[in-house]
Amino acid sequence: MKIFFRGKNNKLTNKEARQAIRFYAKKLMRSDLLKSLDLYVLFDNDKDYKGLCFYLDNNIRPREFCININRDMSKNSQLKTIAHEMVHVRQYASGYLQDYVRPKNE
């Protein structure tokens, strides 16, 4: 798994976040699935959410994901949010979770 970071975070270092992501990923996913994933982590201060997870490539078993984490939360809350969002990464990557989009003409 390749992990990329954007945004500044004063409570959780990129090294700590990377270790947490790898730990959660190993607990949640098969090793062959992990090898094929790219994860972009954005720390921002949007008050509308604690965390978000979405895929960047396609809807059917995507392999590229973005996780947004609210950097204004405590370190403990950020780690819990990363764990929660990693569950969504697993769900999308394994095909358990899909977004269904209706055509505009319906």
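Bear in mind that the values here come from a model prediction, so they are computed numbers and not experimental data.

Engineer: When you look at the environment of Lys-50 in this model, what are you seeing that I'm missing?
Structural biologist: Secondary-structure assignment places Lys-50 in the loop between strand 2 (38-44) and strand 3 (51-55). Separated by 28 residues in sequence, Lys-50 and Gln-78 place their C-alpha atoms 7.9 Å apart. Residue contacts for Lys-50: discarding those within four places in its chain leaves Asn-68, Ile-69, Asn-70, Met-73 and Thr-81.

Engineer: Just to check I follow, could you spell out the side chain of Asp-44 for this structure?
Structural biologist: For Asp-44, the position within the fold is in strand 2. Salt bridges are absent for the buried Asp-44, whose nearest opposite-charge side chain, Arg-71, sits at 6.8 Å. For Asp-44, the side chain forms a polar contact with the side chain of Tyr-49, separated by 2.6 Å. The residues contacting Asp-44, other than those within four sequence positions of it, are Tyr-49, Asn-68, Ile-69, Asn-70, Arg-71 and Asp-72.

Engineer: Quick question: what am I supposed to make of the sheet that holds strand 2 here?
Structural biologist: Whenever strands of a sheet pair, they do so through backbone hydrogen bonds, lying parallel or antiparallel. Taking strand neighbours across the sheet as the criterion, the 4 strands line up as 1-2-4-3 in an open arrangement whose pairing is mixed. Looking at which strands have only one partner, the edges of the open sheet turn out to be strand 1 (2-6) and strand 3. Neighbour to neighbour, the strand axes of the sheet diverge by 15° on average, direction disregarded. Bridging between strand 3 and strand 4 (residues 64-70) involves 5 bridges; their strand directions are antiparallel. Residue pairing across strands places Leu-52 opposite Asn-68, the latter belonging to strand 4.

Engineer: So what exactly am I meant to see when it comes to helix 1 (residues 14-28) here?
Structural biologist: Every α-helical turn comprises 3.6 residues, leaving residues that sit three or four positions apart pointing alike. Spanning 15 residues, helix 1 covers 21 Å between terminal C-alpha atoms, matching the ideal 21 Å at 1.5 Å per step. Buried residues of helix 1: Ala-17, Ala-20, Ile-21, Tyr-24 and Ala-25, and no others. One face of helix 1 carries all of its buried residues, which in axial projection span an arc of 130°. When the buried face of helix 1 is taken as reference, the exposed residues oriented beyond 90 degrees from it are Lys-15, Lys-26 and Lys-27.

Engineer: How should a nonpolar patch on the surface be read in this particular structure?
Structural biologist: A contiguous nonpolar patch, built from Phe-4, Tyr-40, Leu-52, Phe-54 and Leu-56 and spanning about 390 Å² of accessible area, is present on the exposed surface. Counting through the fold element by element, Phe-4 comes out in strand 1.

Engineer: How should I be thinking about the pattern of salt bridges in this particular structure?
Structural biologist: Side chains carrying opposite charge are able to pair once their charged atoms draw close together. Considering all chains together, one arrives at 3 salt bridges under this definition. Asp-32 is paired through a salt bridge with Arg-30; the nearest N and O atoms lie 3.0 Å apart. Judged by relative accessible area, Arg-30 falls into the exposed class, the value being 51%. Residues Lys-47 and Asp-72 are paired through a salt bridge, measuring 2.5 Å at the closest nitrogen-oxygen approach. Of this pair, Lys-47 sits in the loop between strand 2 and strand 3 while Asp-72 is found in the loop between strand 4 and helix 3 (75-94), placing the two residues 25 residues apart along the sequence.

What counts as what
- Residues numbered from 1 in each chain as written.
- Predicted model: local features only at pLDDT ≥ 70, side-chain atom pairs only at ≥ 80, totals over all residues.
- Heavy atoms only, no water.
- Helix = DSSP H or I, 4+ residues; strand = E, 2+ residues; numbered from the N terminus.
- Contact = heavy atoms within 4.5 Å.
- Buried < 20%, exposed > 50% of the residue type's maximum accessible area, 1.4 Å probe, protein only.
- Lys, Arg positive; Asp, Glu negative; His and termini not counted.
- Salt bridge = Lys/Arg side-chain N within 4 Å of Asp/Glu carboxyl O.
- Polar contact = N/O pair within 3.5 Å; in protein donor to acceptor, adjacent residues only side chain to side chain.
- Pairing = 2+ DSSP bridges.
- Axes fitted to C-alpha atoms, helices over the stretch in contact; angles between N-to-C directions.
- Expected span 1.5 Å × (residues − 1).
- Arc of directions from axis to C-beta.
- Patch = residues over 30% accessible without salt bridge, like charges linked within 9 Å, V, L, I, M, F, W, Y side chains within 5 Å.
- Areas by Shrake-Rupley, 256 points an atom, 1.4 Å probe, with all protein chains shown as cover.

None of the figures reported here should be taken as evidence of function without further support.
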